[in-house]
Amino acid sequence: MLLLVLGLTLLFLLSLASITVGSRGLPLATVADAFFSFDPARNEHLLLRHLRLPRALLAVVVGGALGMAGAVMQALTRNPLADPGLLGVNAGATLAIVVAIAAWGITDMSDYMWFGLLGAAVAGAAVYLLGGVRSGLNPVRLVLAGAALSVVLLALTQIITVNSDEVIFDQFRHWAVGSLQGRSYDVLVPAAILILITLGCGLVLCRALDALSLGDDVAKALGVSPRRVWCACAAVVIILSGVATAAVGPVSFIGLAAPHLARLWVGPEHRRLLPLSMLISALLMLSADTLGRMVAHPDEVGVGIMVALIGGPFFVVLVRRWRLVRP
Amino acid sequence: MNHGRYRVWHWRSWSVRYAPPALLLAALLMVLLLVMAAYGLTVGSMRVPLADVVAIVMGHDESGLSARIVLDIRLPRILAAIFVGAALGVSGAIFQSISRNPLGSPDLIGFTTGAATGALTLILFFSPSVLQITLAATVGGLATALIVYLFALKGGGGGYRLILIGLGVGSTLSAVNGLLLVRGDLDDALWANIWLAGSLNGRTWSQVWPLMLGVVVLVPVVCFGARALTLLEMGDDIARQLGVPTERLRLGMIMCAVILAALATGTAGPIAFIALAAPQLSRSLLPGVALPVLCSACMGAGLLLLADLLIQALPLAVSVPVGRMTGIVGGLYLLWLLTRQR
């Protein structure tokens, strides 16, 4: 509990810091003014309310989504290496957005979001059916279906970018690295609603997940239907990672690393693991975004790149230090 | 002693163990390869009759337009397809054996991403020749593999630790690649994107020679080590008891696999799925044969050549890079396999 309060305080402070940092630094006093005595005539206030604030909120929401998706995915597949990106939803969103750019010349972030959602939903449904989620518990099959579908969809994406105009590739390459740049309320609001509802459903599943981690037979004895939990969890992971990708582009690694970090503190019990994993991954996302704006000032480095640049070496150290190795 | 499906051939104090079904399959695949190669040499925007092709390849007709087309354009491309496929097939077979995982492939240890980093750096910062890109990709892949191996060396967790470290290094490098693509000049980024798609278009002899040399030298070495590698699959302890130098063998075999994959990726760019599918197919066609190296090589060569001929023959309005064609076909094949396993 203390940990949670501490984390939330940290998250709040970090959000404040993230709001003040950017191509134009803003002092905290201006931030306070913008919220308590808003003056629509002042540029700084508009900037804060319509660009910086939705951006920070989106980072927190998407981070939370990825954290839960990763933790549930690892519980579901009983594989500490499972990343929600494996399920093919990232590739589905990517293909849909490339098609949107190439066929209709769409450039608007909120339109990207809807196309991304559509693509992620179709790919997610395909993985759900092909992976045989309804016919029984088989994590390997689910992951295999996701990986195979990803390869096909990404190949199609590349064929489109190779064959189309250079302007199209230029737009696409900026989306494909994952970034929070230019996302405002018309991305934040729909993404936040979908994610918050799904997060709620995910938290309800905590106890069932704990029961399931004792094995199918014990779970049944405790009155939990493994099959139903499995269906619900798969749906939660697919929706969360799909919405996250549609909103900010493919961001890998957070979903993989945050649950590992959370487990170091609170152990494998999902009732504690899920909230902490969400919190940690929101913190990571927010700090990666803030750092990305600081290192390339006044320009910025996309959050997807920053996350992997920091997370990759960190993961290597983790593997070397702790005995994650299970032969 | 029961050798299963193996036979042993003795000569004085030397003996060689071989599996007749594997040899038969390899021979069959080689015949298929020859037929496809011959077909590939005759078709294209200008048709050259088979009789002429034979005369040209035998060296009876060295002048003339059709001779130039066959010798300088089609033959290098077809040889590149064959040897890239063979290299990837063998490399995949080794990785699947070492990681004891049917999904093992050189990509797992961040290899392809590293090769791409090498190529992208060169493309975006210097304007290199095609040969220099080949070299940079090869060096990038080798360097990545070396880094991953050195990191994984401590404590020795066998193949599993190697894969985990590879995953971490690979995703860091893919972030670097993303950064390079976004930051680079648009024209250079477009060029890089085409390289990343993997293609056999316009390969020249100077790119094919090093690859051919590598395959011809390394594949027999791997064939020789295959038996010990099979023992390693039973676990390090048992293998050591049976007299296998486990660490040395693993290092040597990984090196062979990485060099083969590096040469292949350098020549053609990243090619999806051959490294995964070729050993799998050979194994499923040869139940009871432990590690079909030669068959995997022939199978990889056959698959890639087939894919390359297909994209040239298909009446498509768009250009499909062969590296993506293999991805689409392979991915759909895997999905089809999954839906059948109820």
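Structural data are supplied above this passage.
What you see is a predicted model, and the numbers here were worked out from it, not measured in a lab. (Residues numbered from 1 in each chain as written. Chains lettered and ligands numbered in written order. Predicted model: local features only at pLDDT ≥ 70, side-chain atom pairs only at ≥ 80, totals over all residues. Heavy atoms only, no water.)

The next subject is the overall build of chain B. Along its length, chain B carries 13 helices and two strands. Its C-alpha atoms give chain B a radius of gyration of 21 Å, within 12% of the compact-globule value 20 Å for 342 residues. Over its C-alpha atoms, taken along the principal directions, chain B stretches across nearly 60 × 50 × 45 Å. Evaluated residue by residue, chain B yields a buried proportion of 56% over its 342 residues. Considering only contacts within chain B whose residues lie at least 6 apart along the sequence, 72% involve residues at least 24 apart. (Helix = DSSP H or I, 4+ residues; strand = E, 2+ residues; numbered from the N terminus. Rg over C-alpha atoms; globule rule 2.2 N^0.38 Å. Buried < 20%, exposed > 50% of the residue type's maximum accessible area, 1.4 Å probe, protein only. Contact = heavy atoms within 4.5 Å.)

The next subject is the nonpolar core. If you look at the biggest cluster of nonpolar residues, it comprises 186 residues, and the most contacted ones within it are A:Leu58, A:Val62, B:Ile94 and B:Leu305. Considering every element that reaches this core, the biggest residue donor is helix α3 (residues 65-98) of chain B, with 18 residues. Excluding its chain neighbours within four sequence positions, the residues that come into contact with A:Val62 are A:Ile195, A:Ala244, A:Ala247, A:Val248 and A:Met285. In this structure, B:Ala119, B:Ala137, B:Leu180 and B:Leu186 belong to the second largest nonpolar core, which totals 17 residues. (Core = buried A, V, L, I, M, F, W, Y, C linked by side-chain atoms within 4.5 Å.)

Take the interface of chain A and chain B next. For interface size, the figure often reported is the accessible area lost on association. Taken together, the contact pairs 42 residues of chain A with 48 residues of chain B. Approximately 4,000 Å² of surface area, both sides summed, lies buried where chain A meets chain B, with 71% of it carried by carbon and sulfur atoms. For the interface between chain A and chain B, the tally reads zero salt bridges. In this structure, the connection of chain A to chain B is made through three residue pairs in polar contact (both at pLDDT 80 or more). If you tally residues by element for the side of chain A that touches chain B, the top one is helix α6 (residues 139-163) of chain A, at 14 residues. Here the side of chain A that touches chain B is composed, by residue class, of 27 nonpolar, six polar and nine charged. (Buried area = accessible area lost by both parts, 1.4 Å probe. Salt bridge = Lys/Arg side-chain N within 4 Å of Asp/Glu carboxyl O. Polar contact = N/O pair within 3.5 Å; in protein donor to acceptor, adjacent residues only side chain to side chain. Nonpolar A, V, L, I, M, F, W, Y, C, P; charged D, E, K, R; others polar.)

Right, let's get into the packing of helix α5 (residues 109-130) of chain A against helix α8 (residues 185-204) of chain A. Residue and element names in this part refer to chain A. The geometry of α5 relative to α8 is characterised by a closest axis approach of 8 Å and an angle of 30° between their N-to-C directions. Taken together, the axis directions place α5 and α8 in an arrangement best described as roughly parallel. On α8, the residues that touch Met 109, Ser 110, Met 113, Trp 114 and Leu 117 of α5 are Asp 186, Val 187, Pro 190, Ala 191 and Leu 194. Of the residues assigned to the contact of α5 with α8, the class counts are eight nonpolar, one polar and one charged. (Axes fitted to C-alpha atoms, helices over the stretch in contact; angles between N-to-C directions. Parallel < 35°, antiparallel > 145°, perpendicular 65-115°, else oblique.)

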